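# Structural characterization, general
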Amino acid sequence: MKKPSPQSPVQPPRAPLLAEADLFDQLDKNKSSSLWLGRFSEAEIWRMWEQCGFRAALAEAKLQPLLLRVEMIDAYLQALKLYHAQAAPEHLLAEFRLREAVLAPRKRLVDNLGDTRPRVLAIEWLLLQNPNAHFMRERPALPKQHHPGLGQARRVLQWLIELAQRLELEGISNYPEYFHNAYLYRRDFHFYDPVREGLLAALARDLGARSLAEISWAIERGEVRYVRGEAFAWESDLQVLALSPRVRKYFESAHYRNVTEVTREKLRFCFEGAHH
């Protein structure tokens, strides 16, 4: 959920998001089912896309006709794929791999969420692209981006929120593979770990004089350093869009905000070769 403009793929997390009981529950819902997430028909998906303006925006961009397909990736995961004109890889406009999950950070912090952890809509993979468009000098490709984006991230996020709410989930989770994913998501998502939230804010502050593409490629090539000298490497971590009061309360807590601010003030970054 790139996106903000989340146009590049969001990679699956390295840590499991589902407990064993959740896996069997997901399997029961999706087994032999053409329903998206075991619940939503193709007609319902089109209706939601009409309501959020996504379908109309694609029509305005002359991306018609549209074809929708639900494919099984494995026993527990479906792919919802949207194509232009024909169901072929070179005509793919969007792909969504989502599942219901228990919020399971790699390292549990003191979050006051209790023993019954929030259930969330987990983004395992999200792709928005226009294979008919071309990159321009002012809008170059980001790392791992093969085609320009659709420019429909806000509408897609609106749809994801509706999905999560109709499934009575408490949030949406995401593991941004690249800096630009996390940066573009930052308006709605927050890192579960406030240290990572502060790090993202420090990167944006210190490197923000350059374009997002320049920053993301510099990080990808190892050309960003801590001012104290060490090379910086981006690591994917859990981001969450809070939808329930108790999850919002965690991100709005004085402790979370304090750790974020202390980390932001402590960290300093620069491009390789920069003078201070």
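Every value quoted in this text rests on a predicted model; they were computed, and no experiment measured them. (Residues numbered from 1 in each chain as written. Predicted model: local features only at pLDDT ≥ 70, side-chain atom pairs only at ≥ 80, totals over all residues. Heavy atoms only, no water.)

## Structural notes on the pairing of strand β3 (residues 92-102)
In terms of residue burial, β3 counts as a mostly covered element, since 10 of its 11 residues are buried. Across 4 bridges, strand β2 (residues 77-84) lies against β3 in antiparallel orientation. In the strand pairing of β3, L82 is matched with A94. The pairing of β3 with strand β4 (residues 119-128) spans 9 bridges and is antiparallel. Note on β4: the bridge partner recorded for V102 is R119. (Buried < 20%, exposed > 50% of the residue type's maximum accessible area, 1.4 Å probe, protein only. Helix = DSSP H or I, 4+ residues; strand = E, 2+ residues; numbered from the N terminus. Pairing = 2+ DSSP bridges.)

## Quick look at the nonpolar core
Counting residues in each nonpolar core, the largest one holds 37 residues, and the members touching the most others are W49, F96 and W159. When residues of this core are traced back to their parent elements, those giving at least two are α2 (42-52), α3 (54-60), β1 (66-74), β2, β3, β4 and α4 (153-166). Non-local contacts of F96, meaning those with residues more than four positions away in its chain, are made with W36, W49, Q78, A79, L80, W125, L126, L128, V156 and W159. Grouped together as the second largest cluster of nonpolar side chains are 18 residues, F179, A182, F191 and L203 included. (Core = buried A, V, L, I, M, F, W, Y, C linked by side-chain atoms within 4.5 Å. Contact = heavy atoms within 4.5 Å.)

## Overview of the packing of aromatic side chains
Tallied over the entire structure, the rule returns 16 aromatic pairs. Both rings, one in W46 and one in W49, keep their centres 5.5 Å apart while their planes meet at 85°; by these two values the pair is edge-to-face. In this pair, W46 and W49 are both assigned in helix α2, 3 residues apart and thus about one turn of the helix distant. As far as burial versus exposure is concerned, W46 and W49 are alike and both buried. Following the ring pairs from residue to residue traces out a cluster consisting of W46, W49, F54, F96 and W159. Between R186 and the ring centre of Y183, over which it is positioned, the NZ or CZ distance is 3.7 Å. Of note, R196 hangs over the ring of F191, and the distance from its end group to the ring centre comes to 5.0 Å. (Phe/Tyr/Trp six-rings, centres within 6.5 Å; stacked < 30°, edge-to-face > 60°. Lys NZ or Arg CZ within 6 Å of the ring centre and 35° of its normal.)

## Digging into the sheet that holds β1
If you trace the 7 strands from one edge of the open sheet to the other, you get β1-β2-β3-β4-β5-β8-β6, paired in mixed fashion. Each of the sheet's edge strands pairs with one partner strand only, and the pair in question is β1 and β6 (190-191). Where β1 meets β2, 8 bridges bridge the pair, whose relative direction is antiparallel. Bridge assignment links R69 to a residue of β2, and that residue is K81.

## Re the pattern of salt bridges
Close approach of charged atoms allows side chains with opposite charge to pair. All chains considered together, the criterion is met by 18 salt bridges. Between E170 and R246 there is a salt bridge, with the nearest N and O atoms lying 2.8 Å from each other. Residue E170 is found in the loop between α4 and β5 (171-174), and its partner R246 is found in helix α8 (residues 245-252); the two are separated by 76 residues along the sequence. For E170, a relative accessible area of 19% corresponds to the buried category. Taking relative accessible area as the criterion, R246 reaches 28% and is therefore assigned partly exposed. Note that E272 and R225 form a salt bridge whose closest N and O atoms lie 3.2 Å from each other. With a gap of 47 residues between them, E272 in the segment after β9 (269-271) and R225 in strand β7 (residues 224-226) connect regions that are remote in the sequence. By relative accessible area, E272 is classed as partly exposed at 48%. Judged by relative accessible area, which is 25%, R225 ranks as partly exposed. (Salt bridge = Lys/Arg side-chain N within 4 Å of Asp/Glu carboxyl O.)

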